Amino acid sequence: MVESSAPQPHNEIQSRAVTAGVNLAALPKHVAIIMDGNGRWASGHGMMRLVGHRQGYKTLKRVLLEASDLGIQYLTVYGFSAENWRRPEEEVSGLMRLIEEAARNELNDLIEKNVRVLVAGDLKTVPPTLRNALNDLIASTAENTGITFTLAINYGGRAEIVDAVRALLRDGVAPDEIDEEALAKRMYCPSLPDPDLMIRTAGEMRWSNFLIWQAAYAELFVTDVSWPDFGVDNLIEAVLAYQERDRKFGALSS
């Protein structure tokens, strides 16, 4: 039997990945990122923290397109956690404005790049103008068929599980009918597959309440690189590390 040849790179990003040793036939389907280190990056450069968040936004736009070119089908990022409201008011309001600005300014480009946008989190308590901008982004990209980009805003993993349990009660699901599938269907974005690879920047070694249900079996990759400095070579490094893991899901290695 003649073995099928390995997938050939179709763009510069894939060529760089293949040169580094990535197997394009074994990419993680869903990558999640905890984008950490914006404020520390700014402080290290003698700038205000919000400057770091703005630089982080530029990095996110680039990494989203690089992930798409690489062949990643789903990218989910931690944009603003439910705990981030505890930060100084100036930083929180600046982040809200930055996210709204990005949602409005990037709409046409995301449509052109065939990116589908989803939002995970409780939008009831975010500023109405931001909520409207995000809803417009979701609706305007709903028919796109490229990479699915999910932005976690006012998101907490425990809160998501609590909301899913409340939905079970509202739906009148009997206790004996509650299983993992029933709960998963009531998460914020139930159509998304579980993440295969979780990347965290800036060297922190914790989940920070992000996708704690969905990422139960995700492979974790931590880099000391702060998010504003994260580049395509770091993404390729994370994918390489993922491909070196033996994902057993509780079973024995094959």
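None of the values given here were measured: they were computed from a predicted structure.

Caption draft 1: Region of the structure containing the pattern of salt bridges. Evaluation of the coordinates by the stated rule reveals 18 salt bridges. Glu91 is the salt-bridge partner of Arg49, the closest N and O atoms lying 3.0 Å from each other. Of this pair, Arg49 sits in helix α3 (residues 49–70) while Glu91 sits in helix α4 (residues 89–105), and the two are 42 residues apart along the sequence. Two residues, Arg206 and Glu204, come together in a salt bridge whose shortest N-O distance is 3.0 Å. Among the charged side chains, a salt-bridge network with shared partners connects Asp36, Arg40, Arg200, Glu204 and Arg206.

Caption draft 2: Summary view of the pairing of strand β4 (residues 148–155). Most of β4 is tucked away: eight of the eight residues are buried. Across seven bridges, the pairing between strand β2 (residues 74–81) and β4 is parallel. Its bridge partner being in β4, Phe80 is matched across the sheet by Ile153. Alignment of strand β3 (residues 116–120) against β4, held across five bridges, turns out to be parallel. Bridged to Arg116 within β4 is Thr148. Once you follow β3 into helix α6 (residues 128–140) and on to β4, the crossover reads as left-handed.

Caption draft 3: Main features of the packing of helix α1 (residues 12–20) against α3. For the pair α1 and α3, interaxial distance at closest approach is 8 Å and the crossing angle is 70°. In terms of axis orientation, α1 runs roughly perpendicular to α3. From α1, Ile13, Gln14 and Ala17 reach across to α3, where they touch Glu66, Asp69 and Leu70.

What counts, and where the lines are drawn
- Residues numbered from 1 in each chain as written.
- Predicted model: local features only at pLDDT ≥ 70, side-chain atom pairs only at ≥ 80, totals over all residues.
- Heavy atoms only, no water.
- Salt bridge = Lys/Arg side-chain N within 4 Å of Asp/Glu carboxyl O.
- Helix = DSSP H or I, 4+ residues; strand = E, 2+ residues; numbered from the N terminus.
- Buried < 20%, exposed > 50% of the residue type's maximum accessible area, 1.4 Å probe, protein only.
- Pairing = 2+ DSSP bridges.
- Right-handed = clockwise from strand over helix to strand, strands pointing away.
- Axes fitted to C-alpha atoms, helices over the stretch in contact; angles between N-to-C directions.
- Parallel < 35°, antiparallel > 145°, perpendicular 65-115°, else oblique.
- Contact = heavy atoms within 4.5 Å.

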